[in-house]
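This is what each chain is made of:
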Amino acid sequence: MAELISSFPAISDLRAKARRRLPLFAREFMEAGTGLDHAVERNAADLAGVQLSPRAMRGPVTRDLSTSFLGQDFSVPFGIAPVGGTGMIWPGGEKVLAGIAAESNLPYTLASVATQTPETIGPIARGRGWFQFYPMADKEIQKDVLSRAHGAGFETLVVTVDVPMMSRRERQMRAGFQMPPRLTPRMLLQALLHPSWTRAVLQVGRPELATLTPYFADVAAAERMAEIGRQLHPEPAWSEVECIRAIWPGKIILKGIMQCDDARMAVAEGADAIWVSNHGGRQLDAAPSSISVLPGIRGAVGKDFPIIFDSGVRSGLDIARGLASGADFVMLGRPFLYALAAGGHDTAQLCVRILRDELENVMAQVGAERPADLPLALVKPKGTEIAQVA
Ligand SMILES: Cc1cc2nc3c(=O)[nH]c(=O)nc-3n(C[C@H](O)[C@H](O)[C@H](O)COP(=O)(O)O)c2cc1C
């Protein structure tokens, strides 16, 4: 680990390695936002603008990063966001990340459009697995998928509500990305130029949407993805929460809330938590950064309602920024893909180590003993502080 950390001291180093190892279509799938990537850029720029105030002379402080969220105790206040098609980035990637989550005692969210099933991942995650779900048009399939996930040991359901329609991911289109991958001459050339990725794929087999594909076995292979896409994004209404609540016995988190009114509705409809996210800038290029809406949403739902935050987080410092701005828990998507593609299990483990070390270091700089102390360190934007009388 010591040797690895000197090669990859930060997430940006893992990203650089991942970009070299992946063929273009997989790289663009991992990195793409939508449109001109303005929302991706805003996520990064606005996070960088969040300032924390250093504290001096606090004496020796015992720091404790452990955090309880929705009744579960985790060793750190961060975890792994759902990524559909993770097996495209690194074959068997979902298994690696679920194992890291279990070892590190942090949550791993398995996407319903992952390349591994809940039955495979549940036992590996050992209670740290959350299951991500898109409301489906066919309610019989919906019921079956949810009952499979719960039966496989997933007790927390993440319902993603910010994909009323698949967005246009132009970078992916230009790179010729398709799921499942089809061997065109262009993809073959890219694969040959990236032998370590190709070797790994050949060992595991072609990635498929393992959980959902069996329901569409009688649809012609060429039509199957389009049919799954139609099933997954039927533009749900708020009544969907009640419908899912009737069949899901565990906690429900709504992912993709970006507005105070929607946050209040989520509370009123009985969600157990909300997940403030602009989907890593992948849905609406005009969306505000999720860090910029987080303090307002915290104000709208009150200080005790559980909030998760993601989009643009690339360091332990960014995790601290999210926690200081009103989140109880922070999730990361692409950083764990960079880590997987950079070197599989060991670099994924290193990713957790980097984020943890950075977060602990930031907590030391600002005199925070626990993640919940971080809001005290937030430097409020000018004009919002109460004037000091000399
Ligand atoms: C390649 C890729 C695939 C994703 N697939 C899903 C998905 O299937 N379901 C979902 O709710 N979010 C999905 N997301 C969004 C992530 O869960 C998360 O919200 C986002 O990546 C956070 O931004 P970050 O990548 O900047 O950390 C995906 C993100 C990426 C990069």
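Residues numbered from 1 in each chain as written. Predicted model: local features only at pLDDT ≥ 70, side-chain atom pairs only at ≥ 80, totals over all residues. Heavy atoms only, no water.

Section: the pairing of strand S8 (residues 273–276)
Successive residues of a regular strand alternate their side chains across the two faces of the sheet.
Line of reasoning, step 1. Here S8 shows two buried faces, one formed by Ala-273 and Trp-275 and the other by Ile-274 and Val-276.
Line of reasoning, step 2. Here strand S7 (residues 251–257) runs beside S8; their pairing, made up of four bridges, is parallel. Paired with Lys-255 across the two strands is Trp-275, which belongs to S8. (Buried < 20%, exposed > 50% of the residue type's maximum accessible area, 1.4 Å probe, protein only. Helix = DSSP H or I, 4+ residues; strand = E, 2+ residues; numbered from the N terminus. Pairing = 2+ DSSP bridges.)

Some thoughts on the packing of helix H17 (residues 334–343) against helix H18 (residues 345–366)
Line of reasoning, step 1. One can describe the packing of H17 onto H18 by two numbers: an axis separation of 6 Å at closest approach and a directional angle of 140 degrees. Comparing their axes, H18 and H17 come out oblique. Between H17 and H18 the crossing geometry is right-handed. Across the interface between the two elements, Pro-335, Phe-336, Ala-339, Ala-342 and Gly-343 from H17 touch His-345, Asp-346, Thr-347, Ala-348, Cys-351, Val-352 and Leu-355 from H18.
Line of reasoning, step 2. Per-class residue counts for the contact of H17 with H18 are eight nonpolar, three polar and one charged. (Axes fitted to C-alpha atoms, helices over the stretch in contact; angles between N-to-C directions. Parallel < 35°, antiparallel > 145°, perpendicular 65-115°, else oblique. Left-handed = near helix turned anticlockwise from the far one by under 90°. Contact = heavy atoms within 4.5 Å. Nonpolar A, V, L, I, M, F, W, Y, C, P; charged D, E, K, R; others polar.)

Quick word on the packing of aromatic side chains
Line of reasoning, step 1. Overall, the coordinates contain seven aromatic pairs when judged by the stated rule.
Line of reasoning, step 2. With a centroid separation of 6.2 Å and 70 degrees between ring planes, the pair formed by Phe-74 and Trp-130 is classed as edge-to-face. Taken together, the residues Phe-74 in strand S2 (residues 72–74) and Trp-130 in strand S5 (residues 129–133) connect sequence positions 56 residues apart. For the residue pair Phe-74 and Trp-130, the accessibility class agrees, reading buried in each case.
Line of reasoning, step 3. Each residue in the set Phe-69, Phe-74, Trp-130 and Phe-329 is aromatic and connected to the rest through ring pairs, giving one cluster.
Line of reasoning, step 4. Here the guanidinium or amino end of Lys-255 rests over the ring plane of Trp-275, the centre of that ring lying 5.3 Å away. (Phe/Tyr/Trp six-rings, centres within 6.5 Å; stacked < 30°, edge-to-face > 60°. Lys NZ or Arg CZ within 6 Å of the ring centre and 35° of its normal.)

Considerations on the nonpolar core
Line of reasoning, step 1. The biggest cluster of nonpolar side chains holds 107 residues, and the ones touching the most others in it are Leu-14, Ile-274, Ile-319 and Leu-374.
Line of reasoning, step 2. Ranked by residues supplied to this core, first place goes to H18 with ten residues.
Line of reasoning, step 3. Residues within four places of Ile-274 in sequence aside, it is in contact with Ile-253, Leu-254, Ile-257, Ala-263, Ala-266, Ile-297, Val-301, Phe-305, Pro-306, Ile-307 and Ile-308. (Core = buried A, V, L, I, M, F, W, Y, C linked by side-chain atoms within 4.5 Å.)

Quick word on the pattern of salt bridges
Line of reasoning, step 1. A complete count under the given rule lists 17 salt bridges for this structure.
Line of reasoning, step 2. Across the pair Glu-31 and Arg-15 runs a salt bridge, and its minimum N-O distance is 2.8 Å. Placement of Glu-31 in helix H3 (residues 24–31) and of Arg-15 in helix H2 (residues 11–21) is noted, with a sequence separation of 16 residues between them.
Line of reasoning, step 3. Overall, the relative accessible area of 5% leaves Glu-31 in the buried class. (Salt bridge = Lys/Arg side-chain N within 4 Å of Asp/Glu carboxyl O.)

What about the site of the ligand?
Line of reasoning, step 1. Residues in close proximity to the ligand total 24 residues, the closest being Pro-82, Thr-160, Asp-310, Gly-312 and Arg-314.
Line of reasoning, step 2. Between an oxygen atom of the ligand and a main-chain N or O atom of Pro-82, the distance comes to 2.6 Å.
Line of reasoning, step 3. Within the contact set of the ligand, an oxygen atom lies 2.8 Å away from a backbone nitrogen or oxygen of Gly-312.
Line of reasoning, step 4. Across the complex, the protein chains shield 98% of the 600 Å² of accessible surface that the ligand would expose by itself.
Line of reasoning, step 5. For the shell around the ligand, the secondary-structure elements that each account for two or more residues are H3 and H17.
Line of reasoning, step 6. Its residues placed into classes, the shell around the ligand shows ten nonpolar, nine polar and five charged. (Near = heavy atom within 4 Å. Polar contact = N/O pair within 3.5 Å; in protein donor to acceptor, adjacent residues only side chain to side chain. Areas by Shrake-Rupley, 256 points an atom, 1.4 Å probe, with all protein chains shown as cover.)

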